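Per-entry structural report
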Amino acid sequence: MKIALVGIGKIARDQHVPAIADSPDWELAATCSNHGTVEGIEAHKDFGAMLAARPDIQVISLCLPPVPRFAYAAQAIAAGRHVMLEKPPGATLSECHALEEMARAKGVTLYASWHSRAAAQVQAAKAWLKDKTLRSLNVTWKEDVRRWHPGQDWIFEAGGLGVFDPGINALSIMTEILPDPIHVTGAELDFPENRETPIAARVAFFHPKGAEVTMDMDFLQTGEQIWSMEAVTDQGTLSLHKGGAVLENDGKDVADASGVNLSLKGEYPVLYAHMAELVRAGRSDVDLAPMRHVADAFTLGRRLTVAPFDW
Ligand code: NAP
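My aim in this report is to walk through the structure given alongside it, one point at a time. The structure displayed is predicted, hence computed values, not measured ones.

Around the ligand there are 25 residues in total, and Ser33, Asn34, His35, Arg69 and Asp165 lie nearest to it. Between Gly36 and the ligand, the recorded distance is 2.8 Å, taken from a backbone N or O atom to an oxygen atom. Interatomic distance of 2.9 Å between a side-chain N/O atom of Gln152 and an oxygen atom of the ligand. For the ligand, the protein covers 79% of the area, taking 870 Å² as the surface of the free molecule. Of all the elements in the fold, those that place two or more residues in the shell around the ligand are α1 (10–22) and α3 (66–78). The leading source of residues in the shell around the ligand is α3, at four residues. Grouping the amino acids of the shell around the ligand by side-chain chemistry returns eleven nonpolar, nine polar and five charged. Here the shell around the ligand spans two domains, and each of domain 1 (2–112) and domain 2 (117–260 + 294–306) adds at least three residues to it.

Quick look at the packing of helix α7 (residues 164–177) against helix α9 (residues 289–300) now. Axis separation between α7 and α9 bottoms out at 8 Å; the angle between their running directions is 125°. Our classification of the angle between α7 and α9 gives oblique. Judged by the twist between their axes, the crossing of α7 over α9 is right-handed. Where α7 approaches α9, its residues Phe164, Ile168, Leu171, Ser172 and Thr175 are matched on the opposing element by Ala289, Pro290, Met291, His293, Val294, Ala297 and Phe298.

To continue, consider the pattern of salt bridges. All told, the structure shown has 18 salt bridges when counted by the stated rule. As a salt-bridge pair, Lys87 and Asp165 come within 3.4 Å of each other at their nearest N and O atoms. Separated by 78 residues along the polypeptide, Lys87 in the loop between β5 (82–85) and α4 (93–106) and Asp165 in helix α7 bring together distant segments of the chain. Each of the two residues, Lys87 as well as Asp165, counts as buried.

Rules used in this analysis
Residues numbered from 1 in each chain as written. Predicted model: local features only at pLDDT ≥ 70, side-chain atom pairs only at ≥ 80, totals over all residues. Heavy atoms only, no water. Near = heavy atom within 4 Å. Polar contact = N/O pair within 3.5 Å; in protein donor to acceptor, adjacent residues only side chain to side chain. Areas by Shrake-Rupley, 256 points an atom, 1.4 Å probe, with all protein chains shown as cover. Helix = DSSP H or I, 4+ residues; strand = E, 2+ residues; numbered from the N terminus. Nonpolar A, V, L, I, M, F, W, Y, C, P; charged D, E, K, R; others polar. Domains from an automatic or database assignment. Axes fitted to C-alpha atoms, helices over the stretch in contact; angles between N-to-C directions. Parallel < 35°, antiparallel > 145°, perpendicular 65-115°, else oblique. Left-handed = near helix turned anticlockwise from the far one by under 90°. Contact = heavy atoms within 4.5 Å. Salt bridge = Lys/Arg side-chain N within 4 Å of Asp/Glu carboxyl O. Buried < 20%, exposed > 50% of the residue type's maximum accessible area, 1.4 Å probe, protein only.

Below you can see the structure in the form of structure tokens.
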């Protein structure tokens, strides 16, 4: 199937282009971006003109930051194209619900992808937790924004989510592996005095069986980068590290125990294989649970002002 990538920036180059190139399902037929291009691939700047010029491209993958994404997604769906969305699927829950409805009415596929759910050990963690009684789940998501998002000012502008941009990846794993639904009961959000989104946050959740569920996020982590969660249960402790790539059971490494297709190395090949399945089956996959928790944390969160942030 022919696919076009929109928003040729960091994630498009690092992950989408190689995943598409390695996939038997996809041919990268065009790109659309104001500045970015992919060598050897037809490049457009005007999205409407690209849609009109290339009716043979039936699938559009949007790698833009969340705020501009809705307008592109709505235009693609209106033109009868299937759409794959980077995470988070939009800037607000309402615009994502609107896209779902547009895609349903037009009979096209909409896929809100969550790359961290495709990390190698996430399904193994889910399977292990299924029949355990959870006592606590503590999530630590601490990375250096200067290293992973250099110069990306949109992250600190309204709608950019700040530290919840990586934090929503943890939420996408939590909402996948926990057998019971959780919801936010409180949060503290640290806003740099010169920015519009939080640079650190602590969130607490209600768990229906009384487990303590917490999340601690920091965008100013230097040294070791931590994307981990530890689940203590009645039958032992499970930890996920490196964003879901590594699983430990009571301190012991568990290798390749996941149920995911291990012939697909890496998260993005799994996402693109899933998109191909969805298009072929005429289905959509839009789970907004991770985003709902972020919205709730912003609604309930106590705002604290911290030191200004500059790159
Ligand atoms: P990015 O490099 O800053 O942006 C991607 C591209 O989008 C930019 O190069 C720019 O291309 C275009 N763009 C930026 N702002 C725009 C605007 N207001 N209107 C239209 N186009 C705009 O960001 P990224 O790191 O690739 O992240 C994009 C999305 O992927 C985010 O939702 C992020 O959460 C997600 N993601 C990122 C990572 C990561 O490690 N960076 C990992 C997983 C997921 P042109 O200037 O050429 O138009």
